[in-house]
Amino acid sequence: MQSAVRRLSVCQLAVGVRASTTRAAATKNFQLQKVYKQTQTDVLCQLRKSCSRSALLAQKSIPELIGVNQLCRHTHTHTLSQRGISKGKACAAQYSRYSASTIMNSYCKELDLMDYDIIGFDLDGTLLRYNLQEMTPLIYNVLKKYLVEVKGYSPALLSKDLDMDFFQKGLMLDGVRGNVLKLSNEATILRASHGTRLLSDEEIENIYGAERRWDMATAFYNNPLSTWNGPASEQMRTLLDYFDMPSALVFAQAVDVVDDESGPAGKPKEYKVWGDLLEALMHNYSRDNFSNDSSLYFKAMRAEPHRYVLPSSAKLLAWLEQLRNADKKLFLLTGSNIDFADLTATQALGPDWRNYFDFIVTYAKKPGFFTQKRAYLNVDDVAKRELPNTELSPMEYLQPGKIYAQGNWHQLHQSMAKLLHKDASKARALYFGDNIIQDIYTPVKHSGFDTVAIAEELFLMEAKDYPFKAVLYSKFWGPYFNNGCTPTLWSGFIANYAQICISSMDQMAQTAPTERLVCNNVNGFYPMVPKSLECSNLTTSWYGGCV
């Protein structure tokens, strides 16, 4: 929940493919590129799509191919011995993040957990999920109440209805103009509202120009971290997770109230709503207010954690154990302070939640965790607080089993590599998270390792009985991933920076850690592209990491 306080068909191949054939094809076609690890999947998936010449080559090269029906499979179970890798031996070569064609120039993303030594997880929205039907109204109401009682807004704001259809993760606030924006994968404005009123295309172009661009949105698109703090953060906000999502409606309704009460002078040239709302967010999510009842949000969460936090499945917990049994080193990295993290993790993962991880870092201050070298502090896990004057030196290794606060990726990575008896450059890392900027873009762009995006919006396609459809499905804004045939900003970030994108960790837990997950698309949506994106022009330029 750090973002609430700070400021973001590939087919599986038949088992019988000979590795020697794959290596020969890979050498021929990628000799001018980086060294990639090629797999049986890499060759045959594309053979199926290729011309008759390629098919003939496949028949000659791989006579034991087991039928055309086995050419398309989404997972492939393998053991370490089958892959020719011993448990204690690292592979020095960089790895392909795709099932890559050795014959044609098209790709499909895949994920093989056995390729990684270190696997990390965000907590909120990743390892644990929230009851959005309960949590969203809670946040919405406490923010409105703060604006009225503390910032002096009209009580008319409290009488505004909770319009679930206005909610959508990923919207951007134009604080100065009082507008809410939905952006394309090239940062053009797809839809916009002033307050809660949807703007016409003509109005959008009158405000933002014929190209439908806002300089702040373009700056965010070019470098999301450039707008995270400083003057830009006072003008705009991207609502990147479910802690932030209710802010869009509170902001829009507060703008409506300001407009209604403007009088003869007319609407203000510059709205102050966003600054007041930011203060409300900081107050309600500040760790200083966790236990003093000042934050109505924390007060409600402490009183009834079972009402807001969903229990994690037994299958997910068993899957975490399987990862550890496969000699993977696991870490938990959360922006939540230790007291809130303990409350929610206990509810979701059980009282022994710490035992699933080799390292735990709280109050991590993402995305800065991946770009800076803040000192680690020791944590009193009984009193649930940081211990003052306990900063670790930059060269000091973290101790497994302990809980730390703040810190930086470099030191954590070095500590886990030491535990693995590997050089850090050979200890490959993967991170699961739901915040596209904090958890996906920044680790890949600035720390050079791979990520898996969690987008619960995929449930709208996968599960007919998804219980939170009323919260996440918006007729007002359209699908999260697109607007007509135009992908959204977040589809673009997922395609370019995530290894794959899944609906939840429970989806991961449906397959054993030794099973390869192969998407049917270049953009990494697993197992397939959302139907609403099928007509889009979404393309990917892979920025995946190498550590």
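Residues numbered from 1 in each chain as written. Predicted model: local features only at pLDDT ≥ 70, side-chain atom pairs only at ≥ 80, totals over all residues. Heavy atoms only, no water.

By the naming in an unreviewed UniProt entry, the chain goes by 5'-nucleotidase domain-containing protein 1 and is assigned to Drosophila arizonae. Its UniProt record, at the heading Sequence similarities (unreviewed entry), says of the chain: "Belongs to the 5'(3')-deoxyribonucleotidase family." (UniProt positions renumbered as here; feature names shortened; annotations may be inferred.)

Chemist: Is there a simple way to think about the overall build of the chain in this case?
Modeler: The number of helices and strands found in the chain is 18 helices and 20 strands. Scored against the burial criterion, the 547 residues of the chain give a buried share of 59%. When the accessible surface of the chain is split by element, carbon and sulfur atoms take 49% of a total near 22000 Å². (Helix = DSSP H or I, 4+ residues; strand = E, 2+ residues; numbered from the N terminus. Buried < 20%, exposed > 50% of the residue type's maximum accessible area, 1.4 Å probe, protein only. Areas by Shrake-Rupley, 256 points an atom, 1.4 Å probe, with all protein chains shown as cover.)

Chemist: Would you take a moment to explain the sheet that holds strand 5 (residues 172–174) for this structure?
Modeler: Picture the strands of a sheet paired through backbone hydrogen bonds; they go either parallel or antiparallel. Strand order in this open sheet of five strands is 8-7-6-5-9, and the pairing throughout is antiparallel. Two strands in the sheet have a free side with no partner beyond their single neighbour: strand 8 (197–198) and strand 9 (236–238). Both strand 7 (residues 189–194) and strand 8 contribute to a ladder of two bridges, which runs antiparallel. Looking at strand 8, one finds that Ser193 is bridged to Leu198. (Pairing = 2+ DSSP bridges.)

Chemist: Would you explain the packing of aromatic side chains in this entry?
Modeler: For any two aromatic rings, the description comes down to two numbers: the centre-to-centre distance and the angle of the planes. Applying the stated criterion across every chain yields a total of 35 aromatic pairs. Taken together, a centroid distance of 6.3 Å and an interplanar angle of 80° make the contact between Phe290 and Phe340 edge-to-face. With a gap of 50 residues between them, Phe290 in the loop between helix 8 (273–285) and helix 9 (296–303) and Phe340 in helix 12 (residues 338–349) connect regions that are remote in the sequence. A residue is classified by how much of its surface remains accessible, and Phe290, at 9% relative accessible area, is buried. A relative accessible area of 1% places Phe340 in the buried class. Clustering of aromatic rings is evident, with ring pairs tying together Phe331, Phe369, Phe370, Tyr376, Tyr404, Trp409, Tyr431 and Phe449. For the cation-ring pair, Lys418 lies above Tyr397, with the distance from its terminal atom to the ring centre recorded as 5.2 Å. Taking NZ or CZ as reference, Arg428 lies 4.7 Å from the ring centre of Tyr116, over its face. (Phe/Tyr/Trp six-rings, centres within 6.5 Å; stacked < 30°, edge-to-face > 60°. Lys NZ or Arg CZ within 6 Å of the ring centre and 35° of its normal.)

Chemist: What exactly am I supposed to notice about the sheet that holds strand 12 (residues 376–380) here?
Modeler: Across the sheet, nine strands lie side by side as 13-12-14-11-10-4-15-16-19; this open sheet has mixed pairing. One side of each edge strand has no neighbouring strand; the edge strands of this open sheet are strand 13 (385–386) and strand 19 (500–502). Across three bridges, strand 12 lies against strand 14 (residues 403–406) in antiparallel orientation. Its bridge partner being in strand 14, Tyr376 is matched across the sheet by Gln406.

Chemist: Whenever I open this one, the nonpolar core confuses me. Can you help?
Modeler: With 95 residues, the main nonpolar core has Leu113, Phe121, Tyr297, Trp319, Phe357 and Phe432 as its most contacted residues. Sort the elements by how many residues they give to this core and helix 4 (residues 132–149) lands first, with 10 residues. Look past the residues within four positions of Phe357 in its chain and what remains in contact with it is Phe121, Leu127, Arg324, Leu330, Phe331, Leu332 and Leu349. By size, the runner-up hydrophobic cluster in this structure holds 38 residues, among which are Tyr208, Trp214, Met236 and Phe481. (Core = buried A, V, L, I, M, F, W, Y, C linked by side-chain atoms within 4.5 Å. Contact = heavy atoms within 4.5 Å.)

Chemist: So what exactly am I meant to see when it comes to the environment of Lys267 here?
Modeler: Within the element layout of this structure, Lys267 appears in the loop between helix 7 (247–260) and helix 8. Sequence-wise, Lys267 and Val255 are 12 residues apart; in three dimensions their C-alpha atoms are separated by 9.7 Å. Each residue touching Lys267, except ones within four places of it in the same chain, is listed here: His194, Asp259 and Ser262.

Chemist: Help me understand the pattern of salt bridges, please; the structure alone is not making it clear to me.
Modeler: Side chains that carry opposite charge are capable of pairing whenever their charged atoms lie near each other. Summed over all chains, the structure comprises 22 salt bridges. Across the salt bridge formed by Arg212 and Asp201, the nearest N and O atoms sit 3.3 Å from each other. With Arg212 in the loop between helix 5 (201–208) and helix 6 (215–222) and Asp201 in helix 5, the pair connects residues that are 11 residues apart, well separated along the chain. Classification of Arg212 by relative accessible area gives buried; the value is 14%. Connected via shared salt-bridge partners are Glu110, Asp112 and Arg516. (Salt bridge = Lys/Arg side-chain N within 4 Å of Asp/Glu carboxyl O.)

Chemist: Got a minute to help me understand the environment of Asp161 in this structure?
Modeler: Relative to the assigned elements, Asp161 resides in the loop between helix 4 and strand 5. Residue Asp161 is classed as exposed on the basis of its relative accessible area of 62%. Along the sequence, Asp161 and Leu249 sit 88 residues apart, while their C-alpha atoms lie 9.9 Å from each other. Beyond its immediate sequence surroundings of up to four residues, Asp161 is in contact with Tyr140, Leu249 and Gln253.

Chemist: Please clarify how helix 12 should be interpreted in this entry.
Modeler: In an α-helix, one full turn covers 3.6 residues, which means residues spaced three or four apart are oriented alike. Summarising burial for helix 12: 10 of the 12 residues are buried, a large majority. Buried within helix 12 we find Ile338, Asp339, Phe340, Ala341, Asp342, Leu343, Thr344, Ala345, Ala348 and Leu349.

Chemist: Sorry, what's going on with the packing of helix 7 against helix 8 here?
Modeler: Two quantities define a packed helix pair, namely the angle between the helix axes and the distance between the axes. Helix 8 packs onto helix 7 with a crossing angle of 140° between their chain directions and a minimal axis gap of 10 Å. As the angle between them shows, helix 7 and helix 8 are arranged oblique. The hand of the helix 7/helix 8 crossing is right-handed. Judged by residue contacts, Ser247, Val250, Phe251, Ala254, Val255 and Val258 of helix 7 engage Val273, Trp274, Leu277 and Leu281 from helix 8. Residues that form the contact of helix 7 with helix 8 fall into these classes: nine nonpolar, one polar and no charged. (Axes fitted to C-alpha atoms, helices over the stretch in contact; angles between N-to-C directions. Parallel < 35°, antiparallel > 145°, perpendicular 65-115°, else oblique. Left-handed = near helix turned anticlockwise from the far one by under 90°. Nonpolar A, V, L, I, M, F, W, Y, C, P; charged D, E, K, R; others polar.)

Chemist: What should I look at first to understand the state of the cysteines in this one?
Modeler: Here a disulfide denotes one covalent bond, and it connects the sulfur atoms of two cysteines. According to the stated counting rule, one finds one disulfide in the structure shown. Cysteine Cys519 is unpaired, with the sulfur of Cys108 as its nearest cysteine sulfur at 8.0 Å. On the basis of relative accessible area, Cys519 is assigned to the buried category, the value being 0%. (Disulfide = S-S within 2.5 Å.)

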